[in-house]
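Chain by chain, the residues run as shown.
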Amino acid sequence: MKGAPLAERIRAEVADDVRELGEVGLATLQVGEDEASTVYLRLKHQAAAEVEIVSVDRKLPHAITENELLGLVADLNADEAIDGILVQLPLPEHIDEARVIAAVEPVKDVDGFHPFNAGQLYLGRPAHVPATPLGVMALLAEYRVQIDGSRAVVVGRSDIVGKPVAHLLLQANATVTICHSHTDDLERHTLDADVLVVAAGVPEVVTADMVKGGSAVVDVGINRVAGGLVGDVDPGAAERAAFLTPVPGGVGPMTIAMLLRNTVTAARYRRGLLAFPGIGR
Ligand code: NDP
């Protein structure tokens, strides 16, 4: 399941949507100079520029106080030209991440990390959903993988990937098992999975013999090792699985495409073209 061709199509659709909507604005906040964050943000801004989303990149010193950062979030919440706000994580230790995330106006929370948006997903009335889980679901849909009635196993329970993807699979009528670092006998679960989504951040934690024959396997992991980038699944699993995403080139390109789509969705919510679930805007 290659991500790049689908991601390109979604970006072209987003570009059409932006033209139709007029100006769409995205603001990002980065505190400090974490190298990986700088790279991700550069990619996000490049992708936004390609679809003519106007993006503002606020780089803030590591020493900024929590209150100063909350003040900037409040300014962006009030800024009519900004449809989406993205707080690049991780934040430095002296700043309470949860407090900053909760300060973002839910309708502008294009990362889908705000407790309101997480709650809406839990309730089965999704408003803004995190981009990577959306990308996983879009890939499964693109390759016509049967989810309804299937046994789905998610390895990983982070707020950013594991939990939201498990909720999306549940909503699509899979029977869902969530595994994590305390799971006893991981293989027992993965071998049972018609749909297996792995987001553990452990190089090749799922080996080929842990995968059910004929299944669909989505490898979310991106791990930097001596030989380059590897996923959480041994690529040899392709011998047994019917579908497997490559790393790189699988879920990675989908994440940015879905972030752009979320920004357009935020613009629609804000213009009253789409009802914002739960608040009715
Ligand atoms: P986290 O570190 O936040 O979460 C990892 C999860 O995996 C935890 O729930 C942890 O369990 C579980 N886990 C760790 N080791 C094992 C194990 N041996 N067996 C079973 N479960 C295990 O990571 P993220 O969810 O943020 O990211 C996961 C991976 O996906 C990373 O490689 C990351 O780089 C990648 N990623 C890729 C993206 C993309 O665009 N392709 C976007 C986001 C992330 P516990 O809760 O018990 O600690």
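The structure displayed is predicted, hence computed values, not measured ones. (Residues numbered from 1 in each chain as written. Predicted model: local features only at pLDDT ≥ 70, side-chain atom pairs only at ≥ 80, totals over all residues. Heavy atoms only, no water.)

### Observations concerning the site of the ligand
Next up, step 1: R157, S158, S181, I222 and T255 are the nearest of the 21 residues found near the ligand.
Next up, step 2: Contact distances for the ligand include 3.5 Å between a nitrogen atom and a backbone N or O atom of V220.
Next up, step 3: With respect to the ligand, the backbone of I222 contributes an N or O atom lying 3.1 Å from an oxygen atom.
Next up, step 4: With the chains in place, 68% of the 930 Å² that the ligand exposes on its own is no longer accessible. (Near = heavy atom within 4 Å. Polar contact = N/O pair within 3.5 Å; in protein donor to acceptor, adjacent residues only side chain to side chain. Areas by Shrake-Rupley, 256 points an atom, 1.4 Å probe, with all protein chains shown as cover.)

### Description of the environment of S37
Next up, step 1: Structurally, the position occupied by S37 is in helix α2 (residues 35–50).
Next up, step 2: For S37, a relative accessible area of 4% corresponds to the buried category.
Next up, step 3: Considered as a pair, S37 and L89 are 52 residues apart in the sequence and their alpha carbons are 7.4 Å apart.
Next up, step 4: Setting aside chain neighbours within four positions, we find S37 in contact with Q30, Q88, L89 and P90. (Helix = DSSP H or I, 4+ residues; strand = E, 2+ residues; numbered from the N terminus. Buried < 20%, exposed > 50% of the residue type's maximum accessible area, 1.4 Å probe, protein only. Contact = heavy atoms within 4.5 Å.)

### Focus: the environment of A36
Next up, step 1: Along the polypeptide, A36 turns up in helix α2.
Next up, step 2: Overall, A36 belongs to the partly exposed group, its relative accessible area being 40%.
Next up, step 3: Linking A36 and P126, residues 90 residues apart in sequence, is a C-alpha distance of 29 Å.

### A closer look at the nonpolar core
Next up, step 1: If you look at the biggest cluster of nonpolar residues, it comprises 51 residues, and the most contacted ones within it are I53, L140, L169 and V197.
Next up, step 2: The contacts of L140, once residues within four sequence positions are left out, are M1, V145, I147, L169, V195, A216 and V218.
Next up, step 3: Within the second largest apolar cluster, 17 residues are counted, among which are V31, L70, I82 and V87. (Core = buried A, V, L, I, M, F, W, Y, C linked by side-chain atoms within 4.5 Å.)

### Brief notes about the packing of α2 against helix α9 (residues 251–270)
Next up, step 1: Their axes nearest at 10 Å, the elements α2 and α9 cross at an angle of 55°. Classified by the angle their axes make, α2 and α9 are oblique. The way α2 lies across α9 gives a crossing that is right-handed. Contacts between α2 and α9 involve L43, K44, A47 and A48 from the former and I256, L259 and L260 from the latter.
Next up, step 2: A class-by-class count of the residues in the contact of α2 with α9 yields six nonpolar, no polar and one charged. (Axes fitted to C-alpha atoms, helices over the stretch in contact; angles between N-to-C directions. Parallel < 35°, antiparallel > 145°, perpendicular 65-115°, else oblique. Left-handed = near helix turned anticlockwise from the far one by under 90°. Nonpolar A, V, L, I, M, F, W, Y, C, P; charged D, E, K, R; others polar.)

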